[in-house]
Amino acid sequence: MSILFAVLFYAATIVLVAGLGLKVAQYVRVPAPLKIPTTPAPLTQGGAAFRVAREVVIFESLFKSNKWLWAMAVMFHFGLVLVLIRHVRYFIEPVPMVITLMQPFGIYGGLLMIAGLFMLLGRRLVLPRIRYITGPSDLLMLVLLIGIGGSGALMVNFVHTDIIGVKAFFLGLMTFNWQKLPADPLLYVHLALVAALMLVFPFSKLLHVPGIFFSPTRNQADDARERRHLAPWAAKYEANKTMP
Amino acid sequence: MADFEIPVLNEIPVVPAPKPGATAHLKSFPAAKQHQEPLGYPGELVDNWQTKAIEVMGELLGKYRSLPVFLDSCVKCGSCADKCHYFLGTGDPKNMPVARQDLFRSVYRKHFTPAGKLLGDLVGAREMTRELLDDWYNYFHQCSQCRRCSVFCPYGIDTAEISMAAREIMDRIGLGQKYCNEIIGKVYSVGNNLGLPLKALNNTLEGLEEDIEEDTGHAIKFPVDVHGAEVLLVTPSADFFAEPHIDGLIGYGKVFHQAGISWTLSSKATEAANFAMFIGSYENMVKISRRIRDAAIELGVKRIVFGECGHAWRVAYSFLNTLAGPWDFLDPRYPVPQHICEFSNDLIKRGAVRLDKSANDHMTLTFHDSCNVARGSRMGNFEGGQLVIPRELIKASCGKFVDMHPDTIGEKSFCCGGGGGLLTDDLMELRVKGAQPRMEALKQVVQNDGVTHMASICAICKAQFTKVLPYYGMEMGMIVSVHQLVSNAILLGSND
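Residues numbered from 1 in each chain as written. Chains lettered and ligands numbered in written order. Predicted model: local features only at pLDDT ≥ 70, side-chain atom pairs only at ≥ 80, totals over all residues. Heavy atoms only, no water.

(A) Inspection of the sheet that holds strand 1 (residues 231–234) of chain B at higher detail. Residue and element names in this part refer to chain B. One open sheet accounts for 4 strands, arranged 2-1-3-4; its pairing is parallel. The open sheet is flanked by strand 2 (263–264) and strand 4 (338–339), the only strands paired with a single partner. Taken together, the 2 bridges between strand 1 and strand 2 define a ladder with parallel strand orientation. Residue Val 231 lies in a different strand from strand 2, and its bridge partner there is Trp 263. Packing of helix 13 (residues 282–299) onto the sheet brings it into contact with strand 1, strand 2 and strand 3 (303–306), and relative to strand 1 it is tilted by some 150 degrees. (Pairing = 2+ DSSP bridges. Helix = DSSP H or I, 4+ residues; strand = E, 2+ residues; numbered from the N terminus. Contact = heavy atoms within 4.5 Å. Axes fitted to C-alpha atoms, helices over the stretch in contact; angles between N-to-C directions.)

Now the structure itself:
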């Protein structure tokens, strides 16, 4: 089982990094030939970067749209961030003070995340227009995340796993000094689901994570009259232009 | 009056329950051979249209970053679902922006993503069938590319970009839309959207000059092809004869006259509109935009000013520098191009043009922010100037002004229902139903605040409202041009 999980996590990491890398490379390579910021938009590139940052951190547009949905999204994403911060201690030794201090918040974060996910799932099943746009993969994604959160929360709160052993396993993976993974069915479930999430990440709607940084309606400055913007492929039309 | 049900105007907006297929029957007339070919598109659906469509999709994915980013990033959160006026007015779920995008996204997933190739239905991947192509045609011509959805999308996904790409693909496989493509053809063959020949235009303008002189005692001129004029005015051809557009044109003429700034129209560019944006064709956008460059060079003008037109201003403000620039041969003290509202407002603020608001005392105004101006462009030198400057201009011309509900103006403005290449009689049912959210907000200020008129700075909005207001029991004359108000209030003659 240890070998299986070791192979799985190496594979998942490679797929995640390479898959995301290829996607980001595509977004970088393909030009945005026209200025299409959704206006009113910041007039400077710095302002546009701040606009993207607001989308990433406080979900500004979603807040404009729907306060309930925003609250659910915040519960899930902020909860997830707290959980991820908490998990840092399983991957580094010694554990920085700030990570240690964050541990209890990570536990609340986990509960917040699971609650948010259940609300998002309920919304998909109950609201007719949202049910219409929901596909099988949208439900599976929520179920997957609930599975990860649920199995994790169970291990933290009820069926404790040998966390020292888990940490040794992952530190071993990272230093190529392989260690045994504690034999614990709940842990297996948790890790298998995490690996699944890593594997589907670059091929699914989770691409909204890199996507938001490349969204031209958000990351472009409104300076079309001041600066000429020309895509490389559009340069061919320059040749037949009348000159004064 | 109509063979369809006119939507109810509610006190408090209601999001309809999805009614699948509610607008499946609304199909604007497809382009015939003679509309397709002048634009460089095949005259009819090509034999290998499926292969060709996928090929063009692949090409566009490599040219427009917005496409892969928007197609990959959507999480189906539904934030946009209740933001489209066509969904709100018709209830057809395929008019929810996310569902409209999914018509495109499903083919993208099938052909351009590993997950779609492998898992198909499970991840919403679908083959480009004839049935799906028909849905594309119908529903990508039920999007006015107003960008309201993009305001509310947490990733900024703009359905307009998707519908432009879809129309480009359909054009390239021979399934264009008659309305847009016929109009672009007229721009190429006659010079403007309306197919108004130069002779007719000159006659109209002469008649206009006579009428105004009779009315005001002032010789306001509407010059064409005057070499060495300071300003080239490019305005939608509807301004030359449609109501209330022409009252706006009269306003521009009076402002130029009173400010003592020489100006001219160009017989080469008698049209500000650029319908190539609606069909997502960069190449045709370049071609149409270059007429303006050519006219400016030929006439030796120093500035370019655009008249009241929504999408034309988006193309002008956001794209003209890209498509037909650089403009370094024009006077560098002014932005290129300028909007007539920026131009007039500036003159009024400096006291170069003076107004007497009492001329508009019989009206209480509200302002309809046109989508392409509000969400796709700017005026002035500050963020949001496109929302502020027209209002300043109205308030300078008219004592009584009331804004509609804040969720229906500014960046959240509702489309008139006729933008994006849908202002055609064969889509009248869609136009009427799509106007419902705007009509609802208008009715509210009419009842609560005594609003009598709604001003707009878009030729399409003006034409659309003139047509749909009566369906909702309101007067078509309620819709006015912003420069019509300026025209009423302007003090002609000595500025002392």
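(B) Quick look at the side chain of Arg 391 of chain B. Residue and element names in this part refer to chain B. For Arg 391, the position within the fold is in helix 17 (residues 385–397). Residue classification places Arg 391 among the buried positions, given a relative accessible area of 9%. In this structure Arg 391 touches Phe 367, Asp 369, Phe 401, Asp 403, Ile 409 and Gly 410, once residues within four positions along its chain are discounted. (Buried < 20%, exposed > 50% of the residue type's maximum accessible area, 1.4 Å probe, protein only.)

(C) Structural view of the interface of chain B and chain A. Opposite the 86 residues of chain B that make contact, chain A presents 64 residues. Both faces combined, the contact of chain B with chain A buries some 6,100 Å², and carbon together with sulfur accounts for 57% of it. Sorting the residues of chain B by area buried against chain A places Lys 63, Arg 65 and Tyr 282 of chain B first, and these three jointly supply 11% of that buried surface. Joining chain B to chain A, the criterion identifies 7 salt bridges. (Buried area = accessible area lost by both parts, 1.4 Å probe. Salt bridge = Lys/Arg side-chain N within 4 Å of Asp/Glu carboxyl O.)

(D) Looking closely at the sheet that holds strand 7 (residues 479–481) of chain B. Residue and element names in this part refer to chain B. In space, the 3 strands of this open sheet follow the order 5-6-7, with parallel pairing throughout. The sheet is open, and its two borders are formed by strand 5 (365–367) and strand 7, each paired with just one other strand. Averaged over all pairs of adjacent strands, the angle between their axes in this sheet comes to 40 degrees, without regard to strand direction. By the bridge criterion, 3 bridges tie strand 5 to strand 6 (residues 453–456) in an arrangement that is parallel.

(E) Up close: the nonpolar core. All names here are of chain B. Ranked by size, the top nonpolar core spans 152 residues in total, and within it Phe 104, Trp 136, Phe 275, Tyr 282, Met 439, Leu 442 and Phe 465 carry the most contacts. Shared between two domains, this core holds at least three residues of each, these being domain 1 (42–175) and domain 2 (185–489). Residue contacts for Phe 275: discarding those within four places in its chain leaves Tyr 179, Cys 180, Ile 183, Ile 184, Asn 193, His 311 and Ile 460. (Core = buried A, V, L, I, M, F, W, Y, C linked by side-chain atoms within 4.5 Å. Domains from an automatic or database assignment.)

(F) Structural view of the domain arrangement of chain B. Residue and element names in this part refer to chain B. Here chain B is described as being made up of domain 1 (42–175) and domain 2 (185–489). Of note, the centres of domain 1 and domain 2, computed from C-alpha atoms alone, are 31 Å apart. Counting from both sides, the interface comprises 22 residues of domain 1 and, opposite them, 28 residues of domain 2. Buried surface at the junction of domain 1 and domain 2, both sides included, amounts to about 2,100 Å², of which 58% is carbon and sulfur. Looking at the side of domain 1 facing domain 2, the largest losses of area belong to Tyr 86, Arg 147 and Arg 148, adding up to 25% of the total buried there. Counting every contact that joins domain 1 to domain 2 gives 0 salt bridges. Across the domain 1-domain 2 interface, the total number found is 9 residue pairs in polar contact (both at pLDDT 80 or more). Taken together, the residues that form the side of domain 1 that touches domain 2 break down as 8 nonpolar, 7 polar and 7 charged. (Polar contact = N/O pair within 3.5 Å; in protein donor to acceptor, adjacent residues only side chain to side chain. Nonpolar A, V, L, I, M, F, W, Y, C, P; charged D, E, K, R; others polar.)

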